[in-house]
Amino acid sequence: MRAPSRPLRSTSVRRRTAVVGFTCALAVAAAGCAESQRGEGGGEGGSLTFGAAGAPDLFDPFYASDGETFRVTRQIMEGLVGFKEGTADVEPELAERWEHSPDGKTWTFHLRQGVKFHDGTDFNGEAVCKNFERWYDQTGAGQNNALSYYWIENFGGFSDGAKPSLYASCESPDATTATVHLTRATSKFPDLLGLPSFSMQSPTAMERYKANDVRAVGDSFAYPEYASAHPTGTGPFKFASYDSGNAAIRLERNDEYWGEKAKLNDLTFRIIPDETTRKQELESGGIDAYDFPNAADLKALRDAGNKVEVRDPFNIMYLGITQKNNPALRDLRVRQALAHAVDRENLVKANLPEGAEVAKEFYPDTVDGYADDVQQYPHDPARAKQLLAEAGASDLTLNFYWPAEVTRPYMPDPQGIFNALAEDLREAGITVNAVSKPWNGGYIDDVDNARADVFLLGWTGDYNTPDNFIGTFFGTPDNRFYTAASPWGEQLATELRTADAEPDDARREALYQEVNRKLLSDYLPAVPLSHSPPAIVVSERVQGLVPSPLTAEEFAGVSVTG
């Protein structure tokens with residue numbers, strides 16, 4: 001375990017020598033995992049209205065992958081594990097503790113007693129297994145990557161056996177125990193069960209309102225009544241209504257909640273896509289809080305008495321490189337030239353908010369497996385030109401993709417960032433053809449289908465494991481980076497799978513450190529650029545909001561005065 005390098009991180013995201021699941025499981029044999037500190041209580045805390053940047057796709061988190069859906073469902077549903085508030089550290093939630101077999105394939109969860117779903121039915125071992133079986137037994141449209149994204153990314157295939165699955169089976173020997181069998185050990189279990197997609201939902205409600213009855217309609221999907229009007233979890237808030245005409249979602253306090261009751265009487269999410277309008281609504285008192293304020297507005301927001309909470313930078317922005325269409329990019333010297341060409345120090349100072357920092361690797365140093373001795377690429381246009389000449393690529397031309405109509409936590413100003421990097425590349429003698437498309441209007445499709453030469457993209461961690469970052473990026477050789485074009489593409493994917501499956505903490509740490517060294521020296525499939533701290537702003541009347549490095553704030557402990 002390496003001590004956090006910055007005070008900001010000392011109380012938040014952690015870098016441990018083991019994935020939490022394995023470590024916690026070892027500890028549980030003697031004293032059990034740390035238990036949630038929730039107790040009885042709660043009280044009258046008024047009403048809070050949050051300005052959401054977009055409409056949720058639906059309210060069944062299993063079929064969702066968008067942050068605005070999760071922002072809502074996170075308040076009304078819970079998982080077997082959760083994340084300690086203000087951190088990326090996993091902690092008990094509906095499971096009080098757990099342990100695993102020596103081979104890491106069998107996980108036994110000891111469940112919290114006295115928990116009920118919002119429809120009054122019991123949360124128990126049978127309900128846990130029914131949720132797992134629902135996820136695993138998806139058919140038809142339910143297997144579409146756009147719907148079961150998080151299942152496919154984390155568990156793989158379904159019960160039809162068409163593709164291998166991490167999940168094998170679930171059994172409940174009694175009401176307070178659920179045993180989950182996996183097909184192999186993985187470093188990301190049970191942390192991944194803290195993802196909103198794997199929240200526990202009422203089997204009774206899902207059956208009554210036909211939760212699995214999702215259908216493809218043209219290029220979109222039609223969702224069942226459950227997903228639009230009857231999401232049923234165990235959380236401190238209950239779903240009350242969705243007024244699509246007025247773009248407002250209302251939740252109300254769950255007075256039967258098993259733990260400390262929410263302080264707020266009710267919580268409303270108003271959908272306000274325009275960032276300037278959200279700011280004006282905060283100033284006028286129309287809303288009490290909103291996310292991702294423009295960095296240029298932070299001082300004015302603070303001067304007006306609002307509280308601007310800056311999250312820990314648990315993300316990465318990178319310059320992606322696709323090796324599919326431009327043969328020059330398959331030469332390591334050319335990719336190294338790109339790394340030397342970009343001035344990341346200046347980028348961070350000129351284009352990113354206060355607290356941003358240059359990235360040396362593809363995830364923050366608070367994540368396991370971070371190596372301190374990776375190869376670095378200081379800004380050096382002369383060295384970039386030399387490498388291009390050695391590779392016979394002095395006339396290099398790149399189609400450089402950047403996204404429009406979007407702001408991401410790690411990429412607050414895509415056009416400004418593109419302009420800075422494009423100028424750096426031109427300084428190194430590279431011809432840049434700019435290609436810009438809306439984020440959901442062709443950009444992601446083009447990037448994911450390897451149509452760009454270089455592109456801007458990034459990632460906010462879902463949970464604190466290396467696999468969630470570099471396993472997602474480079475775990476398959478035919479994705480957006482198209483590392484399959486290089487002889488090491490499959491080797492890198494194998495190295496990542498080997499590290500993920502290693503159950504021994506120390507050996508896994510060493511394996512990931514070695515992968516990180518090779519990523520920067522031997523492979524360089526992309527250029528890590530920066531870690532950027534996204535902000536959230538609340539009015540001076542709001543108390544108790546704890547910013548999350550996962551951008552996963554919970555509102556149960558929040559109150560509004562005055």
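Note that the coordinates shown come from a computational prediction; the quantities given were computed from them, not determined experimentally.

Student: In this structure, what is going on with the overall build of the protein? I would like to understand it.
Tutor: Helix and strand counts for the protein stand at 17 helices and 23 strands. Against the compact-globule benchmark of 24 Å for 562 residues, the protein has a radius of gyration of 23 Å, which places it among compact chains. A burial count over the protein gives 59% of its 562 residues as buried. For the protein, long-range pairs separated by at least 24 residues make up 71% of all intrachain contacts whose partners lie at least 6 apart in sequence. In the form shown here, the protein has an accessible surface area of approximately 21,500 Å², with 45% of it arising from carbon and sulfur atoms. On the protein, the mean spot of the 54 positive side-chain charges and the mean spot of the 82 negative ones are 2 Å from each other.

Student: For this particular structure, what's the right way to read the environment of A227?
Tutor: Looking at the secondary structure, you find A227 in helix α7 (residues 225–229). Here the alpha-carbon distance between A227 and K84, two residues 143 residues apart in the chain, equals 27 Å. The contacts of A227, once residues within four sequence positions are left out, are L58, F59 and D60.

Student: How should the nonpolar core be read in this particular structure?
Tutor: A general trend in soluble globular proteins is that nonpolar side chains are found buried together. Core analysis: the largest hydrophobic core is formed by 125 residues, its most contacted members being L80 and L456. Core analysis: the next-biggest nonpolar cluster, separate from the first, contains 29 residues, F59, I76, L264 and V538 among them.

Student: Would you explain the sheet that holds strand β10 (residues 237–243) in this entry?
Tutor: Hydrogen bonding along the main chain pairs the strands of a sheet, whether they run parallel or antiparallel. Strands sit in the order β10-β11-β12-β1-β13-β21-β14 across an open sheet of seven strands; the sheet is mixed. At either margin of the open sheet sits one strand with a lone partner, and together these are β10 and β14 (307–310). In this sheet, neighbouring strand axes are inclined to one another by 20 degrees on average, regardless of whether the strands run parallel or antiparallel. In the packing of helix α8 (residues 275–284) onto the sheet, contacts are made with β1 (47–52), β12 (266–271), β13 (289–291) and β21 (535–538), and the angle to β13 comes to roughly 160 degrees.

Student: Even after reading the chapter, I still don't get the packing of aromatic side chains, so can you show me in this structure?
Tutor: Counting across every chain of the model gives 42 aromatic pairs. Seen from their ring centres, Y136 and Y167 are 4.8 Å apart, and the 65 degrees between their planes marks the pair as edge-to-face. Highlighted residues: Y136 in helix α4 (residues 125–136) and Y167 in strand β6 (residues 167–174), separated in sequence by 31 residues. The buried category is assigned to Y136, whose relative accessible area is 18%. Of the residues examined, Y167 reaches a relative accessible area of 3% and is grouped as buried. An angle of 90 degrees between the planes, with centres 5.0 Å apart, marks the rings of Y149 and Y150 as edge-to-face.

Student: Would you mind showing me how to read the confidence of the model for the protein here?
Tutor: Residues shown with low pLDDT carry predicted positions that ought not to be read at fine detail. Averaged over every residue, the pLDDT of the protein is 90; residues scoring 70 or more account for 92%. Contacts from residues 1–42, a stretch scored under 50 in pLDDT, to residues over four places away or in other chains number 123 contacts.

Student: Would you mind showing me how to read the sheet that holds strand β5 (residues 106–111) here?
Tutor: Judged by pairing direction, the sheet is antiparallel, and its four strands sit side by side in the order β4-β5-β7-β6 without closing on themselves. If you trace the sheet from one side to the other, it starts and ends with β4 (95–100) and β6, each paired once. If you compare each strand with its neighbour and ignore which way they point, the axes differ by 20 degrees on average. Across five bridges, the pairing between β5 and strand β7 (residues 177–182) is antiparallel. The residue bridging T108 from the neighbouring strand is T179, located in β7. The strands touched by α4 are β5, β6 and β7; relative to β6, the strand with the most contacts, the crossing angle is about 165 degrees.

Student: Would you mind going over the packing of helix α10 (residues 332–341) against helix α17 (residues 505–523) with me for this structure?
Tutor: Angle between the axes and distance between the axes are the two parameters that describe a pair of packed helices. For the pair α10 and α17, the least separation of the axes is 9 Å and the interaxial angle reads 105 degrees. Looking at the two axes, α10 sits roughly perpendicular to α17. Listed contacts from α17 to L332, R335 and Q336 of α10 are S521, D522 and Y523. In terms of residue class, the contact of α10 with α17 is made up of two nonpolar, two polar and two charged.

Student: Mind showing me how you'd approach the pattern of salt bridges here?
Tutor: Between side chains of opposite charge, pairing is possible as soon as their charged atoms come close. In this structure the tally under the stated criterion is 27 salt bridges. Taking the shortest distance from any N to any O, the salt bridge between D60 and R134 comes out at 2.6 Å. Separated by 74 residues along the polypeptide, D60 in the loop between β1 and α3 (67–76) and R134 in helix α4 bring together distant segments of the chain. Residue R134 is classed as buried on the basis of its relative accessible area, which comes to 6%. Note that E502 and R507 form a salt bridge whose closest N and O atoms lie 3.4 Å from each other.

Student: Help me understand the environment of A304, please; the structure alone is not making it clear to me.
Tutor: Residue placement: A304 occurs in the loop between α9 (298–303) and β14. Residue classification places A304 among the exposed positions, given a relative accessible area of 55%. With 36 residues separating them in the primary sequence, A304 and T268 have C-alpha atoms 23 Å apart.

Student: How should I be thinking about the pairing of β6 in this particular structure?
Tutor: For a regular strand, side chains alternate in direction, first toward one face of the sheet and then toward the other. Pairing of β6 with β7, which is carried by five bridges, proceeds in the antiparallel orientation. The partner of Y167 across the bridge, within β7, is L182. Between β6 and β7, which pair antiparallel in sequence order, lie two residues.

The rules we used
- Residues numbered from 1 in each chain as written.
- Predicted model: local features only at pLDDT ≥ 70, side-chain atom pairs only at ≥ 80, totals over all residues.
- Heavy atoms only, no water.
- Helix = DSSP H or I, 4+ residues; strand = E, 2+ residues; numbered from the N terminus.
- Rg over C-alpha atoms; globule rule 2.2 N^0.38 Å.
- Buried < 20%, exposed > 50% of the residue type's maximum accessible area, 1.4 Å probe, protein only.
- Contact = heavy atoms within 4.5 Å.
- Areas by Shrake-Rupley, 256 points an atom, 1.4 Å probe, with all protein chains shown as cover.
- Lys, Arg positive; Asp, Glu negative; His and termini not counted.
- Charge placed at Lys NZ, Arg CZ, Asp CG, Glu CD.
- Core = buried A, V, L, I, M, F, W, Y, C linked by side-chain atoms within 4.5 Å.
- Pairing = 2+ DSSP bridges.
- Axes fitted to C-alpha atoms, helices over the stretch in contact; angles between N-to-C directions.
- Phe/Tyr/Trp six-rings, centres within 6.5 Å; stacked < 30°, edge-to-face > 60°.
- pLDDT = per-residue confidence, 0-100.
- Parallel < 35°, antiparallel > 145°, perpendicular 65-115°, else oblique.
- Nonpolar A, V, L, I, M, F, W, Y, C, P; charged D, E, K, R; others polar.
- Salt bridge = Lys/Arg side-chain N within 4 Å of Asp/Glu carboxyl O.

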